[in-house]
Amino acid sequence: MPSSISVVVSYAQSLDGRVATATGASRWISCPKSLEYAHVLRRDNDAILVGIGTVLSDDPLLTCRLPNARSPRRIVLDSSLRIPLDSQIVRTASEVPTTVFFDRDAQGVDAARIASRIASLRNHGVEPVPVSRNREGLLLTAVLEQLNAHGLRSVFVEGGPGVITAFLKADLVDELHLVAAPIVIGSGVAAVGELGVATLEQAPRFETVSVSQLGEDLLWLLRKPKHNR
Ligand SMILES: NC(=O)c1ccc[n+]([C@@H]2O[C@H](COP(=O)([O-])OP(=O)(O)OC[C@H]3O[C@@H](n4cnc5c(N)ncnc54)[C@H](OP(=O)(O)O)[C@@H]3O)[C@@H](O)[C@H]2O)c1
């Protein structure tokens, strides 16, 4: 595991641990102060990472909208290069550095389509980067190594549940900024999916750094325990 890039995860969940309703509606679970806090995390990290699921459902811009702040590199994990050319991320890629990681084996399986997608994305200013994958998805350690090799020292994982779960399962989360909003959604999209935890000893555990209030929401800042860093 690359030791010189830190992984910061943050998501906004309901009191019952949902990040979206059963129909996928997620805007906005958290209050304006929490949304502003997400921009602070964008400003303070070298890259923002999401999975293609978030791009397809929310079409986020993923820039930092704080005054005088630069926007970090945007990273999308997208095995088969499904990212729409008219998505906000692709349309703004000539202004904000953007990398899309995809499955290196997809080039062999679907060569013509992947070659044409790579060319179109490059034309828009996106940097498509092939990486290996395993059964769970693109290899996160390979992604982090590539980012580290390009001089990035921190990555802010902003969702959704697919990538959050994958980073937790791979034990790659250094800091967790959990925003809990005073809303109950019931059946919906869980913030964290299957981790393969059978006993509590196997469950990822964090140390509390602080608990504070962001408007109506609660912000719980957690770190990986020292003995596990
Ligand atoms: N409340 C919040 O803070 C928040 C934040 C973000 C999103 N959301 C919500 O989350 C929902 C989307 O969830 P999602 O799970 O589909 O989004 P996601 O985690 O952003 O994307 C998941 C997709 O990423 C790709 N991927 C590639 N490598 C992966 C890996 N190693 N591990 C996991 N995924 C990998 C997979 O697609 P391929 O196989 O095609 O590559 C996978 O289906 C939406 O409803 C959105 O509104 C909420």
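The numbering scheme is per chain: residues are counted from 1 as the chain's sequence reads. Since the coordinates come from a predicted model, pLDDT governs what is reported: local features require at least 70, and pairs of side-chain atoms require 80 or more to be given and counted, while whole-chain, interface and lining totals use all residues. The side-chain numbers reported here are obtained from all heavy atoms of the structure, hydrogens and water having been left aside.

(A) Fine view of a nonpolar patch on the surface. Patch definition: residues above 30% relative accessible area lacking any salt bridge, with like charges linked at up to 9 Å and the nonpolar side chains Val, Leu, Ile, Met, Phe, Trp and Tyr linked at up to 5 Å. Where accessible areas are quoted, they stem from the Shrake-Rupley method and a 1.4 Å probe; at the residue level, only the protein chains shown are allowed to cover. Only one rule defines a salt bridge in this text: a Lys or Arg side-chain nitrogen within 4 Å of an Asp or Glu carboxyl oxygen. Residues V211, L218 and W220 make up a contiguous nonpolar surface patch of about 280 Å² in total accessible area. Each helix is a run of H or I in the DSSP string that is no shorter than four residues. Each strand is a run of E no shorter than two, and both are numbered from the N terminus. Structurally, the position occupied by L218 is in strand β13 (residues 217-223).

(B) Up close: the site of the ligand. Near the ligand, the surroundings consist of 27 residues, among which T54, S79, R82, G160 and G162 are the closest. Between the ligand and S26, the relevant distance is 2.8 Å, taken from an oxygen atom to a side-chain nitrogen or oxygen of the residue. One of the side-chain nitrogen or oxygen atoms of T54 is found 2.7 Å away from an oxygen atom of the ligand. Coverage of the ligand by the protein chains reaches 81% of its 920 Å² of free accessible surface. Mapped onto the shell around the ligand, the elements with two or more residues apiece are β1 (6-13), β2 (18-21), α2 (52-58), β8 (137-138), β9 (154-159) and α7 (161-169). For the shell around the ligand, the residue count by class is eleven nonpolar, eleven polar and five charged. Nearness of a residue to a molecule or strand requires only that one of the residue's heavy atoms be within 4 Å of it. Between N or O atoms, a polar contact is any pair within 3.5 Å; within protein, one atom must be a potential hydrogen donor and the other a potential acceptor, and residues adjacent in sequence are included only when both atoms are from side chains. Residue classes follow a fixed rule: Ala, Val, Leu, Ile, Met, Phe, Trp, Tyr, Cys and Pro count as nonpolar, while Asp, Glu, Lys and Arg count as charged, and any other residue, Gly among them, counts as polar.

(C) Inspection of unusual backbone geometry at higher detail. The omega torsion of the bond from R27 to W28 falls at -10 degrees, within 30 degrees of zero and hence cis. Among the secondary structure elements, W28 is positioned in the loop between β2 and α1 (32-44). Going from G159 to G160, the amide bond is cis rather than trans, its omega being -5 degrees. Even without glycine at this site, L81 takes up a positive phi of about 50 degrees.

(D) Local environment of the side chain of R74. As for its placement among the helices and strands, R74 is situated in strand β4 (residues 73-77). Put simply, R74 is tucked away with no salt bridge, and the nearest opposite charge, on E95, sits 7.3 Å away. In this structure the side chain of R74 is engaged in a polar contact, spanning 2.8 Å, whose partner is the backbone oxygen of L61. To sort residues, take the accessible area from a 1.4 Å probe on protein chains only and compare it with the maximum for the residue type: under 20% means buried, over 50% means exposed, and anything in between is partly exposed. The charged-residue count follows a simple rule in which Lys and Arg add positive charge and Asp and Glu add negative charge, with His and chain termini not counted at all.

(E) Main features of the sheet that holds strand β6 (residues 127-131). Being paired, for any two strands, means DSSP has found at least two bridges between them. Here we have nine strands laid out as an open sheet, ordered β6-β5-β4-β3-β9-β1-β10-β13-β12, and mixed in their pairing. Each of the sheet's edge strands pairs with one partner strand only, and the pair in question is β6 and β12 (207-214). When strand polarity is set aside, the average angle formed by the axes of neighbouring strands in this sheet is 20 degrees. In the sheet, strand β5 (residues 98-103) pairs with β6 via five bridges, with the strands oriented parallel. Every axis in this analysis is a line fitted to C-alpha atoms, fitted for helices over the stretch in contact. Angles between the N-to-C directions lie between 0 and 180 degrees.

(F) Main features of the pairing of strand β3 (residues 47-51). For β3, a buried count of five out of five residues is recorded, marking the element as mostly surrounded by other parts of the structure. Going residue by residue along β3, you find A47, L49 and G51 tucked away on one face and I48 and V50 tucked away on the opposite face as well. Looking at chain direction, β3 and β4 are connected through five bridges and run parallel. For A47, the partnering residue across the bridge sits in β4 and is R73. Think of it like this: strands point away, you trace from the first strand over the helix to the second, and a clockwise trace means the crossover is right-handed. For the crossover from β3 across α2 to β4, the handedness is right-handed. Where β3 lies against β9, four bridges are found, and the strand directions are parallel. Following the sheet pairing, I48 is matched in β9 by F156.

(G) Geometry of the pattern of salt bridges. Under the definition given, this model contains eight salt bridges. D110 serves as the salt-bridge partner of R113, at 2.9 Å between the closest nitrogen and oxygen. We classify D110 as partly exposed; its relative accessible area is 33%. For E175, the salt bridge identified is with R223, shortest N-O distance 3.6 Å. Remark: R223 occurs in strand β13 and E175 occurs in strand β10 (residues 175-180); sequence separation between them is 48 residues. Among the residues examined, E175 registers a relative accessible area of 21% and is labelled partly exposed.

(H) Representation of the state of the cysteines. By disulfide we mean two sulfur atoms from cysteines, separated by a distance within 2.5 Å. Tallying each qualifying case throughout the model produces zero disulfides. Here C31 is not disulfide-linked; the sulfur of C64 is the nearest cysteine sulfur, at 17 Å.

(I) The arrangement of the pairing of β5 in detail. Across the six residues that make up β5, a large majority, six, are buried. Note: β4 against β5, four bridges, orientation parallel. Looking at the pairing, R74 lines up with T98 of β5.

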